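Summary of the model geometry
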Amino acid sequence: MTTGTAAGGTGERAGLGRDFGRLWAAYAVSTAGSRLALDAFSLIAVLMLGSSPAQVSFLAAAGIAVAALLAVPLGPWVEFRRKRPVMIGADLARAAALLTLPLAYALDALSFGLLVLVSVVVATADIAFRAASGAHLKALVPAEGLLLANARFESTTWTATALGPPLGGAAIGALGPLTAIVGDAVSYVLSACGVRAIRAPEPEPPRSASARIGRAEITEGWTHLWRRPDLRALFLNSALVNGLIMVGAPLMAVLMLRELGFPVWEYSLAFSVPCLGGLLGSRLAPRLVRRYGAGRVLRVSGAARACWPVGLACTGTGVPGLLTVMAVELGLIFCCGVFNPVLAGERLRRTDPDRVARVLSAWTVTGKAVTAALTLAWGALAAVTGTRAALAAAGVLLLATPLLLRPLRVTNSPEYQGS
């Protein structure tokens, strides 16, 4: 296919085409389902199985750690296949895995081990979907439209995150966490239908899917990232920052729901309302890139997002504690809303078409492995020092992560214009 005309339009004001609209709709419905089920696994573990903080952290880490290991050969496997069938298969695999949880509950067989197993399947399918969808987007949208496309995805993410958790929290409070799990599974089925509806023909894979995959093909994603200084800086920064932010998710669930006694709906509200900052940030990102260049926007927003999470250690009871969490999350999410679509657009634009799936797979696998390792470590740390001290330690370490962005150039040259 010809990427320039099939996408329809080349600038921010031009449309990206009907097929992008179908892809965007599929993304929106699956994201909405996932946000309705935000932290559902942790809530099942805490509220239904009575799991300890260490177990909740293990649940958050084990699934992504095993998935990262299983997914190492996924990059080249996805690279040399048509992307839409992979995306559809990943959606249906996630739906089927999630539906085993309400089935197990109905049969009185719900267990911590099953939660871990389902999290492995979902996380592995997620890696395959991310690798395929990134390569598919690069073929569907012209290079000058990548920032706009990713900004739309980012704004959808934060809109769904603002609206989904309160609705999901209300449903969980009334009907239990498994209600949100069922909704998430249905959303993946609808996403698969949306991807299936895309009409534009896919480009041929770079080589036959039956060709042997060797060590060079498996490691090419990491090799490509490492030999590009700008991509390497973003890669290392993103892996560490995301990992240190994510270690706080299970710890905040334990702190707010168990130690401080917040109801589920308030816990969901604390992390949903601030997502309006992400919506604002993602809307501003294309304008900021046009004015200051992608390199400068990445450095400034990447440094700013590291300053907020240390404040979570100050969470107290009642309304002041709720407002503290909201303020911290608002600042963090606004900065992420600016940073993420610029990162996604630059990452795709700077990667050769025949390496996109492998680069995205390597990026995701590494990120999940780092997050898993840090989550396990912080679960152990929290068991020794308490949840507040562990949250504070993660926040302090985050303050040093902007140093990893120093290799980024801050020029306004056309090379850094995202749209």
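On a predicted model such as this, the values are computed, not experimentally measured, just so you know.

Definitions and limits used
- Residues numbered from 1 in each chain as written.
- Predicted model: local features only at pLDDT ≥ 70, side-chain atom pairs only at ≥ 80, totals over all residues.
- Heavy atoms only, no water.
- Helix = DSSP H or I, 4+ residues; strand = E, 2+ residues; numbered from the N terminus.
- Buried < 20%, exposed > 50% of the residue type's maximum accessible area, 1.4 Å probe, protein only.
- Contact = heavy atoms within 4.5 Å.
- Areas by Shrake-Rupley, 256 points an atom, 1.4 Å probe, with all protein chains shown as cover.
- Axes fitted to C-alpha atoms, helices over the stretch in contact; angles between N-to-C directions.
- Parallel < 35°, antiparallel > 145°, perpendicular 65-115°, else oblique.
- Left-handed = near helix turned anticlockwise from the far one by under 90°.
- Nonpolar A, V, L, I, M, F, W, Y, C, P; charged D, E, K, R; others polar.
- Core = buried A, V, L, I, M, F, W, Y, C linked by side-chain atoms within 4.5 Å.
- Phe/Tyr/Trp six-rings, centres within 6.5 Å; stacked < 30°, edge-to-face > 60°.
- Salt bridge = Lys/Arg side-chain N within 4 Å of Asp/Glu carboxyl O.
- Expected span 1.5 Å × (residues − 1).
- Bend = angle between axes of the 7 residues up to and from the residue.
- Polar contact = N/O pair within 3.5 Å; in protein donor to acceptor, adjacent residues only side chain to side chain.
- Patch = residues over 30% accessible without salt bridge, like charges linked within 9 Å, V, L, I, M, F, W, Y side chains within 5 Å.
- pLDDT = per-residue confidence, 0-100.

1. Some remarks on the overall build of the protein chain
Regarding its fold elements, the protein chain presents 18 helices and 0 strands. By the burial criterion, 54% of the 419 residues in the protein chain qualify as buried. Contacts spanning at least 24 positions in sequence make up 86% of the contacts within the protein chain whose residues lie at least 6 apart. Of the roughly 16,800 Å² of accessible surface on the protein chain, 66% is carried by carbon and sulfur atoms.

2. As for unusual backbone geometry
We note that Asp 108 has phi near 60°; this positive angle belongs to a residue other than glycine. Relative to the helices and strands, Asp 108 resides in the loop between helix H6 (83-106) and helix H7 (112-140). Since its relative accessible area comes to 72%, Asp 108 is described here as exposed.

3. With respect to the packing of helix H3 (residues 40-48) against helix H9 (residues 177-196)
Packed helix pairs are characterised by how far apart their axes lie and by the angle those axes make with each other. At a minimum axis separation of 9 Å, H3 and H9 run at an interaxial angle of 155°. By the angle between their axes, H3 is roughly antiparallel relative to H9. The two elements H3 and H9 meet at a crossing, and its hand is left-handed. Between H3, through Ala 40, Phe 41, Leu 43, Ile 44 and Met 48, and H9, the contact on the second element is made entirely by Pro 177, Leu 178 and Ile 181. In the contact of H3 with H9, the residues fall into 8 nonpolar, no polar and no charged.

4. Quick look at the nonpolar core
Residues Phe 41, Leu 98, Leu 101, Ile 181, Met 252, Met 256 and Trp 378 are the most contacted members of the largest nonpolar core, which totals 55 residues. Look past the residues within four positions of Leu 101 in its chain and what remains in contact with it is Phe 41, Leu 110, Leu 114, Leu 115, Val 118, Leu 178 and Ile 181. If you look at the next biggest cluster of nonpolar residues, it comprises 40 residues, including Leu 140, Ala 192, Val 356 and Val 365.

5. A look at the environment of Leu 279
Assignment of secondary structure puts Leu 279 in helix H14 (residues 275-292). Filtering out sequence-adjacent residues up to four positions away, Leu 279 remains in contact with Ser 155, Trp 158 and Thr 159.

6. What to know about helix H12 (residues 248-259)
Summarising burial for H12: 9 of the 12 residues are buried, a large majority. Those residues of H12 that fall on the buried side of the exposure criterion are Gly 248, Pro 250, Leu 251, Met 252, Ala 253, Val 254, Leu 255, Met 256 and Leu 257.

7. Here's the deal with the packing of aromatic side chains
Counted under the stated rule, the structure contains 6 aromatic pairs. Judged by centre distance (5.3 Å) and plane angle (65°), the ring pair of Tyr 267 and Phe 271 falls under edge-to-face. Residue Tyr 267 and its partner Phe 271 are located together in helix H13 (residues 264-272), separated by 4 residues, close to a single helical turn. Taking relative accessible area as the criterion, Tyr 267 reaches 3% and is therefore assigned buried.

8. Notes on the pattern of salt bridges
One pass over the full model with this rule turns up 11 salt bridges. For Glu 79, the salt bridge identified is with Arg 358, shortest N-O distance 3.2 Å. With Glu 79 in helix H5 (residues 74-79) and Arg 358 in helix H17 (residues 356-385), this pair connects stretches of sequence that are 279 residues apart. Note on accessibility: Glu 79 and Arg 358 belong to one class, buried. Connected through shared salt-bridge partners, Glu 220, Arg 227, Asp 352, Asp 354 and Arg 355 make up one network.

9. Notes on H14
The terminal C-alpha atoms of H14 lie 24 Å apart, and with 18 residues this matches the ideal 26 Å at 1.5 Å per residue to within 8%. At Ala 285, H14 is deflected by roughly 35°, the largest bend along its length, and proline Pro 286 occurs up to four residues later in sequence. Following H14 by one or two positions, Gly 293 adopts a phi angle in the positive range, close to 90°.

10. A short note on the side chain of Thr 124
Residue placement: Thr 124 occurs in helix H7. Separated by 2.8 Å, the side chain of Thr 124 and the backbone oxygen of Val 120 make a polar contact. In contact with Thr 124, not counting residues within four places along its chain, are Ala 67, Leu 70 and Leu 74.

11. Here's the deal with the side chain of Arg 94
With respect to the element layout, Arg 94 can be found in helix H6. Not counting the four nearest positions on each side in its chain, Arg 94 is found in contact with Val 122, Ala 125, Asp 126, Phe 129 and Tyr 188.

12. Structural notes on the environment of Cys 314
With respect to the helices, strands and loops of the structure, Cys 314 is situated in the loop between helix H15 (294-304) and helix H16 (318-349). Given the relative accessible area of 59%, Cys 314 is considered exposed. Residue contacts for Cys 314: discarding those within four places in its chain leaves Thr 324 and Arg 388.

13. What to know about a nonpolar patch on the surface
Taken together, the side chains of Leu 47, Met 48, Leu 49 and Tyr 105 present a nonpolar region at the surface, about 360 Å² in accessible area. One can find Leu 47 in helix H3. Given a relative accessible area of 47%, Leu 47 falls into the partly exposed group.

14. Examining the confidence of the model for the protein chain
Mean pLDDT over the protein chain: 84, with 90% of residues reaching 70 or higher. Confidence, read as mean pLDDT per element, is least for helix H1 (residues 3-7) in the protein chain (37) and greatest for helix H18 (residues 387-398) (95). Note that pLDDT drops below 50 for residues 1-14; the model gives that stretch 33 contacts with residues more than four away or on any other chain.

15. Looking at the packing of helix H4 (residues 53-70) against H17
For the pair H4 and H17, interaxial distance at closest approach is 8 Å and the crossing angle is 150°. Here H4 lies roughly antiparallel to H17, going by the angle between them. Taken as a pair, H4 and H17 cross one another with a handedness that is left-handed. Counting all contacts with H4, which are made through Ser 57, Phe 58, Ala 60, Ala 61, Ile 64, Ala 65 and Ala 68, the residues of H17 involved are Val 365, Lys 368, Ala 369, Thr 371, Ala 372, Thr 375, Leu 376 and Gly 379. Considering only residue class, the contact of H4 with H17 consists of 10 nonpolar, 4 polar and 1 charged.

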